[in-house]
Amino acid sequence: MRIKGFFAGIIIALPIYLIFSCSSTPPANDTKAITRSTASTDSVAIVQPLKVGAERLDQYLALLKNKKVGMVVNHTAMVGKTHLVDTLISLGINVHKIYAPEHGFRGTADAGEHVASYTDKKTGIAVVSLYGSNKKPSPEQLADVDIIIYDIQDVGARFFTYISTMYLVMESCAENNKPLLILDRPNPNGDYVDGPVLDMKLKSFIGMLPLPIVHGLTVGELAQMIQGEKWLKDSLKCNFTVIAVLNYTHNTEYILPIKPSPNMPNNQAIRLYPSLGIFEGTNVSVGRGTYFPFQVLGSPFTTDTTFSFTPVSIDGMSKDPMHMNKKCYGFDLRNVVYKKEVDLSYVIKMYELTSDKAGYFGKNNFFDKLAGTTTLKQQLIEKKSATEIKQTWQKDLVIYKAMRKKYLLYTDFE
């Protein structure tokens, strides 16, 4: 028996119009904030270029003048073709310290790899790791800065850890009375919401907030939710300002100009990530150790397929991948049409085909932490259908979606 071609879906790409917002509180829908340009000949709206928060220097430079600035950034914090750190230094801003998330300041560390503190060779600025001995800035690490900037490209999945870093930075800024400036960027998976809402009994660095797998928020919107729902410790309030993305809505398809982490090489991987990320808690490889991670699935325990790949050590991507140097059989998803949903067909099919069902979910509860629930594992074992499984998410999703609406900075997809 050979299995192939069982995945399909629909791409919907609707780039739309303009919106501007700059606030640390949820704004009302202000029609003055929306700008449209219409061609007189055919009445077709002309879509203006998208402008990320970091590029809107006129909106925030005044907040940085004569201040010692700390920056929570990585390689994605670009202003055009120049890194934000270099841009601000060239404009006379005193960039005093850099705080690096998972994968490091330059974005080259493996997933889960310890990131050390050091001095950046290019700028001579001290780089403090927020993915080493501590993931939250300590009072000592914040003592010599006046304001913190957060500018990191997210991909919109709960278990992508940059939003956990933002949450802890917000909490630390609140505790230490430091203002926070969030430079917003589009969410490439911001055009839908899906997945089980995190059971907070499973709280970890790969899931710190009661969000579904696909939360449908930019980091600026998420910051507003964190504050508005009093999710910071002891209901602390963070003094933060969001510089919004200009000309963006949740229907805007956004192709990232820079890969956000070593194993997110293209839009296909980013779009499939919400559905494939939970495999990191199984014995199935998602292609780490290949040049197409999060675009394939396979394992040595699945042999009844026509496609295979062999993970190898790749410097700068995956030094010690799962099943290194072992042939993995599974599926090539590089050309499948992704769906705007958490597509359970992948995890259902791979569990059905594995010859090692006892070892499929690993020896710890990492799968549960990624899924955000202990029930998905049992539902897969019981051979529940995708429809049956998704029905159990709906009550929490309805509540979440209503809450989400309160914190949107941009016109929604629905």
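Residues numbered from 1 in each chain as written. Predicted model: local features only at pLDDT ≥ 70, side-chain atom pairs only at ≥ 80, totals over all residues. Heavy atoms only, no water.

Asks: Can you help me understand the pairing of strand 8 (residues 126-129) in this one?
Replies: Every other side chain in a regular strand lies on the same face of the sheet, so the side chains alternate between the two faces. Of the strand pairs in this sheet, strand 6 (residues 94-100) and strand 8 are connected by 4 bridges, and their pairing is parallel. When the bridges of strand 8 are listed, K97 appears paired with A126. Strand direction decides the pairing type here: strand 7 (residues 118-119) and strand 8, joined by 2 bridges, are antiparallel. Bridge pairing in strand 8 places T119 opposite A126. Joining the antiparallel neighbours strand 7 and strand 8 is a turn of 6 residues, in which G124 adopts a positive phi near 75 degrees. (Pairing = 2+ DSSP bridges. Helix = DSSP H or I, 4+ residues; strand = E, 2+ residues; numbered from the N terminus.)

Asks: In this structure, what is going on with the packing of aromatic side chains? I would like to understand it.
Replies: The relation between two aromatic rings is expressed through the spacing of the ring centres and the mutual angle of the planes. Enumeration according to the criterion identifies 11 aromatic pairs in this entry. Centre to centre, the rings of F160 and Y273 are 5.6 Å apart; their planes meet at 75 degrees, and the pair counts as edge-to-face. In this pair, F160 is assigned in the loop between strand 9 (147-151) and helix 4 (162-175) and Y273 in helix 6 (residues 267-276), connecting sequence segments 113 residues apart. Take F160 and Y273: they sit in the same class, and that class is buried. Judged by centre distance (4.9 Å) and plane angle (65 degrees), the ring pair of F361 and F367 falls under edge-to-face. F361 gets classed as buried once you look at its relative accessible area, which sits at 6%. For F367, a relative accessible area of 0% corresponds to the buried category. (Phe/Tyr/Trp six-rings, centres within 6.5 Å; stacked < 30°, edge-to-face > 60°. Buried < 20%, exposed > 50% of the residue type's maximum accessible area, 1.4 Å probe, protein only.)

Asks: Is there a simple way to think about the sheet that holds strand 6 in this case?
Replies: Two strands in a sheet stick together by hydrogen bonds in their backbones, pointing the same way (parallel) or opposite ways (antiparallel). Here we have 7 strands laid out as an open sheet, ordered 7-8-6-3-9-10-11, and mixed in their pairing. A single partner strand is all that each edge strand has here, and the edge strands are strand 7 and strand 11 (240-243). The pairing of strand 9 with strand 10 (residues 180-183) spans 3 bridges and is parallel. Its bridge partner lying in strand 10, I149 is registered against L181. Running over the sheet, helix 4 touches strand 3 (68-73), strand 9, strand 10 and strand 11 and is turned about 165 degrees from strand 9. Sitting on the sheet, helix 5 (residues 219-228) touches strand 9, strand 10 and strand 11, and the angle it makes with strand 11 is about 155 degrees. (Contact = heavy atoms within 4.5 Å. Axes fitted to C-alpha atoms, helices over the stretch in contact; angles between N-to-C directions.)

Asks: What is the right way to read the packing of helix 4 against helix 5 from this model?
Replies: The geometry of a pair of packed helices is captured by two quantities: the angle between their axes and the separation between those axes. It is the contact of helix 4 with helix 5, at a shortest axis distance of 11 Å, that shows an interaxial angle of 45 degrees. Compared by their axis directions, helix 4 and helix 5 come out oblique. Taken as a pair, helix 4 and helix 5 cross one another with a handedness that is right-handed. On helix 5, the residues touching I163, M166, Y167 and M170 of helix 4 are V219, L222, A223 and I226. Within the contact of helix 4 with helix 5, the residues separate by chemical class into 8 nonpolar, no polar and no charged. (Parallel < 35°, antiparallel > 145°, perpendicular 65-115°, else oblique. Left-handed = near helix turned anticlockwise from the far one by under 90°. Nonpolar A, V, L, I, M, F, W, Y, C, P; charged D, E, K, R; others polar.)

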